[in-house]
Each structure stands twice: as C-alpha cells, then as structure tokens.
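Listed below are the residues making up each chain.
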Amino acid sequence: MERAGPRGDIDLSTWTCHQFQAASRDDIGVILAWLDGYYKDEDDPPVIDTTQFVANAKKLGEYCAAHPDIGLITATDKLFQKQ
C-alpha cells in the first residue's frame, strides 16, 4: 500500500478507496481538504463550508466502504463532479 512519508507524495490518481480509508488520519485530512478545493469552481469564494465539508467526507467514506476497489478519483468524480 502506498503511504506518504514525511516528504512523500500522495498520488491520488493511483489510490483506491481502500487505500484512502486505510491512510493515516493526517493524510485523510489533507486529501479531503485538497478534494474540497479541487471540486470548487474557479470563481468560488475561498470559503470552506465546514458543514458541507463534513457531509462530503461522510458521503465519500460511505461510498468507499461499499466500493473499496474503485479508484479514489473515480469515486470523487462520481460523487462531487459539478453537473
């Protein structure tokens, strides 16, 4: 399993839902924060809606638990891609 070391990279394009769920709490926090920014529109204000952030994290956790072998970005695209 890929894990980020003190200076390691987290290549989300290769991670599965299982790897995401097995990651350290710190790595999960970094990934969730990155994903929150990634799925915002370019002109969205620089605001983290903590209620929505927690809801999205829960939604992703539930989806990944049900689909551990799916790619993490595939899962997030399915859940959070803007229409």
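The rules behind these values
- Residues numbered from 1 in each chain as written.
- Predicted model: local features only at pLDDT ≥ 70, side-chain atom pairs only at ≥ 80, totals over all residues.
- Heavy atoms only, no water.
- Helix = DSSP H or I, 4+ residues; strand = E, 2+ residues; numbered from the N terminus.
- Expected span 1.5 Å × (residues − 1).
- Buried < 20%, exposed > 50% of the residue type's maximum accessible area, 1.4 Å probe, protein only.
- Arc of directions from axis to C-beta.
- Contact = heavy atoms within 4.5 Å.
- Disulfide = S-S within 2.5 Å.
- Polar contact = N/O pair within 3.5 Å; in protein donor to acceptor, adjacent residues only side chain to side chain.
- Phe/Tyr/Trp six-rings, centres within 6.5 Å; stacked < 30°, edge-to-face > 60°.

Draft legend 1. Just helix H3 (residues 50–66), in detail. Here H3 is 17 residues long and its end C-alpha atoms lie 24 Å apart, about the 24 Å a rise of 1.5 Å per residue gives. All of the buried residues in H3 are Asn-56, Leu-60, Tyr-63 and Cys-64. Buried positions in H3, seen along its axis, are confined to an arc of 95° and lie on one side of it. In H3, the exposed positions that point more than 90 degrees away from the buried face belong to Thr-50, Thr-51, Val-54, Lys-58, Ala-65 and Ala-66. In this structure, the buried side of H3 is in contact with helix H1 (17–22), helix H2 (25–38) and helix H4 (72–80).

Draft legend 2. Expanded view of the state of the cysteines. Evaluation of the coordinates by the stated rule reveals one disulfide. Put simply, Cys-17 and Cys-64 are joined by a disulfide, and their sulfur atoms are 2.2 Å apart. Its torsion about the S-S bond being -50°, the disulfide of Cys-17 and Cys-64 is classed as left-handed. Placement of Cys-17 in helix H1 and of Cys-64 in helix H3 is noted, with a sequence separation of 47 residues between them.

Draft legend 3. Looking closely at the environment of Asp-27. Locating Asp-27 in the fold gives a position in helix H2. Sequence separation between Asp-27 and Ile-10 is 17 residues; the distance between their C-alpha atoms is 8.5 Å.

Draft legend 4. A look at the side chain of Gln-19. Inspection of the secondary structure puts Gln-19 in helix H1. Given a relative accessible area of 11%, Gln-19 falls into the buried group. Of the polar contacts made by the side chain of Gln-19, one reaches the backbone nitrogen of Thr-16; its length is 2.9 Å.

Draft legend 5. A look at the packing of aromatic side chains. Under the counting rule described, the total for this entry stands at three aromatic pairs. Ring plane angle 15° and centroid distance 4.7 Å describe the contact between Trp-34 and Tyr-38, whose orientation is recorded as stacked. Highlighted residues: Trp-34 and Tyr-38, both in helix H2, separated by four residues, approximately one helical turn. One aromatic cluster is present, built from ring pairs that chain together Trp-34, Tyr-38, Tyr-39 and Phe-80.

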